[in-house]
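# Coordinates in review
What follows is each chain in one-letter form.
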Amino acid sequence: MTLSWWAGTRLVAARAMAEGFAGKGWRIVTGLMLLGGIAAVVIPRLLGSGDTTYTLAVVGPAKPALVAQLAASARAGDFTVEYKALADEGAVARAVRDGKADAGLVGEGASARLYVPTLGVGVFPALVSGAVQANVTVDALIASGLTPTQISALQDLPAPKQVVLGPADDPRRAGVGFGVGLVLYLALILAGSGIATTVATEKSTRISEVLLAVLRPTQLLVGTVLGVGLLALIQISAAAIPVAVSLFASHSSALPSDAAPDVALGVVWFVLGLSVYAFVFAGLAALVDKITEVSSAILPANALLIGSYLIAVTVVVSSPNGWFSVAASMFPMSAPMVMPMRWASGGVPGWQLVVSMLLTAGAAVLLARLASVIYKRGVVRTGQRVSLRDVLRPT
Amino acid sequence: MLEALDVRHRFGERVVLDGVDLRVAPGVLTGLLGPNGAGKTTLMRLVLGVIDPDYGRILFDGAPVTGAERQRWGYMPQERGLYPAMKAGDQVIHFGRLHGLSKAEATRRARELLDEVGLGDRWDDRSDRLSGGMQQRLQLAASLVHDPRVIILDEPFAGLDPVAVAELASTLKDRVAGGSTIVFSSHQLDLVQDLCETIVMLDLGRTVLSGTVAELRASSGTRQLRLTVHGDRGWLGAFPDVTIASDHSDELRLALPTGVDPLAVLDAARAAGPVSDFGLDLPTLSELFLVAAGRASEAAAS
């Protein structure tokens with residue numbers, strides 16, 4: 001007959017989720033998030049901004065040595081090369097002039113001629129030039145008596161290591177960090193307002209009294225945070241899943257190979273961020289008397305959340321290892337949004353990540369305790385809005 | 001027996017309860033009465049464990065009340081205490097499960113109770129789409145779903161029409177006759193004076209009156225003897241403590257202090273002339289409250 005702590009908490013969470021699933025508002029927002037996710041996948045393809053293809057006009061079939069050289073460049077530079085086999089040099093020149101080919105190549109070796117639309121038009125003619133020169137070099141090396149193995153070893157000489165002086169080691173990985181930060185921000189805003197609305201509804205309708213006569217305040221608080229937090233996670237997943245499926249399924253080079261750990265870390269930060277903010281939202285919402293007062297009551301928490309996000313997208317992105325960014329990534333209220341962005345920008349020492357997580361987790365425990373006190377005292381004070389000072393005054 | 005003994009509580013600087021006692025026996029419908037702001041709701045919240053008292057004890061059958069014990073109680077708060085967007089049936093099931101019923105048992109009980117309160121055909125309706133009276137009956141069903149042995153109702157009659165008042169009163173009488181321990185609060189003293197057997201009256205956080213309604217009214221010093229009698233009032237000289245409350249044409253109202261036998265006064269009137277009608281009017285609970293609250297505030301002032 002007697003409910004365990006967890007059984008009671010689970011009932012509260014399940015009810016919050018059932019109400020969310022049944023609610024029109026939740027379904028509309030989730031639908032919009034799903035559409036947003038699908039749009040993020042489909043629209044760039046429709047606009048054709050995806051793969052780059054260069055066309056090379058040649059007389060007759062392209063020479064295998066040239067095709068092999070350009071294929072290696074295409075793999076490294078993430079583009080495709082198409083060959084337009086034409087009858088004679090005049091046709092090649094016309095194709096380039098009319099814009100039907102990006103460049104035209106006639107002849108081979110030292111006598112080869114490269115047709116380009118204008119001088120210094122871009123990277124592709126330079127790559128074709130390089131390929132022709134490389135083939136001439138290989139021929140010369142063979143003529144001088146080197147074996148194919150020796151030539152191959154020469155071609156595999158390591159390139160100098162690039163030292164990036166800009167803000168991010170890898171702009172694509174930084175892009176993943178930016179995406180994770182944005183998703184976390186949206187998730188926390190959604191979950192925070194959902195939790196605050198649930199708490200204020202329960203208080204203003206006096207349901208909380210009926211519940212507190214049966215449940216302990218921590219059960220009600222944790223159950224609500226769990227239920228509404230999961231609802232927000234589902235909404236965010238609705239937006240993220242189409243993007244993730246598309247990127248992983250196509251093995252797109254838009255997603256760097258080390259994106260998975262960054263995304264996984266984002267999930268950990270969502271849990272930490274929710275733990276820090278959810279209880280604050282719940283505690284503040286327990287101070288209201290009417291449901292209409294919720295937005296003003298949770299203003300301090302929203303301001304912190306929005307402020308942290310703005311810091312993350314402005315200061316942190318441009319200077320991920322500046323002192324201010326480091327401080328913001330250690331401060332528990334901003335860490336859940338700042339640290340994932342800093343981390344994905346590369347160059348963050350592992351100990352900073354660990355310290356930041358520990359500080360955030362510690363703050364979450366303290367804030368949850370404080371919020372429980374505010375919640376328990378605030379939720380039974382009806383008739384007027386309760387001030388924080390009144391609630392925190394020792395009895 | 002449910003008891004709250006010498007309960008004191010304050011919110012910030014404001015003293016809400018100042019040494020209040022409440023005793024609720026099983027099988028005796030008990031009213032916790034008093035004007036708005038008297039401290040009734042706070043006392044109920046303390047009894048339910050929603051808040052902890054600054055001082056005092058809450059006992060059930062002589063032992064301190066545990067969380068497990070409270071899970072067997074039912075509570076209906078002043079406002080409806082319902083999830084606005086939740087369906088009526090789901091609402092009752094949810095509260096049943098919170099009180100430890102299995103889903104199947106809670107569903108079975110919810111069906112029975114909604115039928116009993118006349119909401120069997122509103123199972124799938126959201127509670128905010130129901131009328132005020134229906135919401136009140138739904139809340140009653142939610143608070144009774146686990147067949148509680150203690151039932152606490154905060155202002156259950158507020159805002160109800162006379163038919164709904166009679167229906168709720170009948171439900172409470174049935175439950176209390178079955179041995180339940182029931183206490184309800186009300187600020188509408190005269191509305192509930194015929195329903196309560198025992199009352200505790202609060203004013204400004206203090207107990208101003210407590211006992212059985214019949215005894216309190218009968219022993220009050222403000223009983224009035226109503227006589228329709230013609231002629232001279234000289235016979236009243238034999239009762240120096242009796243005062244005339246009103247005397248219009250033949251209708252005479254006499255205030256009888258404690259110790260004066262109303263039958264002796266009636267006999268004297270009949271001896272003086274024909275009495276065509278008579279009756280003894282006991283004070284209403286409102287009148288008793290005003291007298292008791294006045295006495296209490298004088299005592300507090302001194």
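Note: the structure precedes this text.
Report on the accompanying structure. Quantities reported herein were computed from a predicted structural model and do not represent experimental measurements.

Now for the overall build of chain A. Along its length, chain A carries 16 helices and 4 strands. Going through the 395 residues of chain A one by one, you find that 40% of them count as buried. A separation of at least 24 residues holds for 77% of the contacts in chain A among residues at least 6 apart in sequence.

Helix and strand content of chain B: 10 helices and 14 strands. Projected onto its principal axes, the C-alpha positions of chain B cover 75 × 45 × 30 Å. Evaluated residue by residue, chain B yields a buried proportion of 40% over its 302 residues. For chain B, the proportion of contacts with a sequence separation of at least 24, taken over those separated by at least 6, is 69%.

On to the interface of chain B and chain A. Accessible area lost during the coming together of the parts is what is often quoted as the interface size. The interface of chain B with chain A comprises 27 residues on the first partner and 22 residues on the second. Counting only elements with at least two residues in the side of chain B that touches chain A, the list comes to α1 (40-48), α2 (67-70) and α3 (88-98) of chain B. Top contributing element to the side of chain B that touches chain A by residue count: α3(B), with 3 residues. Across the side of chain B that touches chain A, the residue classes break down as 13 nonpolar, 8 polar and 6 charged.

In this structure, B:Ala214 sits in helix α8 (residues 213-218). Between the C-alpha atom of B:Ala214 and that of B:Thr198, which follows or precedes it by 16 residues, the distance is 8.6 Å.

In summary, the side chains of a regular strand alternate between the two faces of the sheet. All names here are of chain B. A one-sided burial pattern is seen for strand β13 (residues 251-256), the buried positions being Leu-252, Leu-254 and Leu-256 and the unburied ones Glu-251, Arg-253 and Ala-255. Pairing geometry for strand β11 (residues 223-229) and β13, over 6 bridges, is antiparallel. Along β13, the bridge assignment pairs Leu-227 with Leu-252. In terms of strand pairing, strand β12 (residues 243-248) meets β13 through 5 bridges, oriented antiparallel. Within β13, the position partnered with Asp-247 by the bridge is Leu-252.

Note that β11(B) and strand β14 (residues 275-281) of chain B share 6 bridges and pair antiparallel. Note that in β14(B) the partner of B:Leu227 across the bridge is B:Phe278.

Our next topic: the sheet that holds strand β6 (residues 73-76) of chain B. Residue and element names in this part refer to chain B. Ordered in space as β6-β7-β8-β3-β9-β10, the 6 strands form an open sheet in which the pairing is mixed. A strand with exactly one partner marks an edge of an open sheet, and here the two such strands are β6 and β10 (206-212). The average angle at which neighbouring strand axes cross in this sheet is 15 degrees, direction not considered. Relative to β10, strand β9 (residues 198-203) runs antiparallel, the two being bridged by 6 bridges. Considered in β10, the bridge of Leu-202 is made with Thr-207. Against the sheet, helix α5 (residues 132-144) engages β6 and β7 (150-153), with an angle of about 160 degrees to β6.

Residue and element names in this part refer to chain B. At a minimum axis separation of 8 Å, α3 and helix α4 (residues 103-116) run at an interaxial angle of 130 degrees. Between α3 and α4, the crossing angle belongs to the class labelled oblique. For the crossing formed where α3 meets α4, the hand is right-handed. On the side of α3, the interface is formed by Ala-88, Gly-89, Val-92, Ile-93, Gly-96 and Arg-97, while α4 contributes Lys-103, Ala-106, Thr-107, Arg-109, Ala-110, Leu-113 and Leu-114.

A separate point is α3(B). Here α3(B) lies mainly inside the structure; 11 of its 11 residues are buried. Restricting attention to buried positions, one finds in α3(B) the residues B:Ala88, B:Gly89, B:Asp90, B:Gln91, B:Val92, B:Ile93, B:His94, B:Phe95, B:Gly96, B:Arg97 and B:Leu98. Buried residues belonging to α3(B) abut α1 (5-22) of chain A together with α4 and α5 of chain B. One or two residues past the end of α3(B) sits B:Gly100, with phi positive at roughly 100 degrees.

Turning to the nonpolar core, a few remarks are in order. Counting 154 residues, the largest nonpolar core has A:Phe281, A:Ala282, A:Ala285, B:Leu43, B:Val92, B:Ala141 and B:Ile152 as the members making the most contacts within it. Element by element, the count of residues in this core is highest for helix α7 (residues 171-204) of chain A, at 15 residues. Residue contacts for A:Phe281: discarding those within four places in its chain leaves A:Gly192, A:Ile195, A:Ala196, A:Ile298 and A:Ala301. If you look at the next biggest cluster of nonpolar residues, it comprises 19 residues, including A:Leu70, A:Val92, A:Val128 and A:Val132.

Below, the discussion takes up the sheet that holds strand β5 (residues 63-64) of chain B. Residues and elements named next belong to chain B. Here 4 strands make up an open sheet; going across it, the order is β2-β1-β4-β5 and the pairing antiparallel. At either end of the open sheet lies a strand with only one pairing partner, and these are β2 (14-24) and β5. Of the strand pairs in this sheet, strand β4 (residues 55-60) and β5 are connected by 2 bridges, and their pairing is antiparallel. Looking at β5, one finds that Leu-59 is bridged to Pro-64. Against the sheet, α1 engages β1 (2-11), β2 and β4, with an angle of about 120 degrees to β1.

Glancing now at unusual backbone geometry. Residues and elements named next belong to chain B. Phi at Glu-155 is positive, roughly 50 degrees, even though this residue is not glycine. Note on placement: Glu-155 falls in the loop between β7 and α6 (162-177). The phi torsion at Leu-204 lies on the positive side, around 50 degrees, for a residue other than glycine. Structurally, Leu-204 can be placed in the loop between β9 and β10.

What follows concerns the environment of A:Gly192. Residue and element names in this part refer to chain A. When you line up the elements, Gly-192 lands in helix α7. Assessed through the 26 C-beta atoms surrounding it within 10 Å, Gly-192 is described here as buried. Put simply, Gly-192 and Asn-302 are 110 residues apart on the chain and 8.3 Å apart in space, counted from C-alpha to C-alpha. The contacts of Gly-192, once residues within four sequence positions are left out, are Tyr-277, Ala-278, Phe-281, Ile-298, Ala-301 and Leu-305.

Calculation rules
- Residues numbered from 1 in each chain as written.
- Chains lettered and ligands numbered in written order.
- Predicted model: local features only at pLDDT ≥ 70, side-chain atom pairs only at ≥ 80, totals over all residues.
- Helix = DSSP H or I, 4+ residues; strand = E, 2+ residues; numbered from the N terminus.
- Buried ≥ 20, exposed ≤ 12 C-beta atoms within 10 Å, placed from the backbone.
- Contact = placed C-beta atoms within 7 Å.
- Nonpolar A, V, L, I, M, F, W, Y, C, P; charged D, E, K, R; others polar.
- Pairing = 2+ DSSP bridges.
- Axes fitted to C-alpha atoms, helices over the stretch in contact; angles between N-to-C directions.
- Parallel < 35°, antiparallel > 145°, perpendicular 65-115°, else oblique.
- Left-handed = near helix turned anticlockwise from the far one by under 90°.
- Core = buried A, V, L, I, M, F, W, Y, C linked by C-beta atoms within 7 Å.

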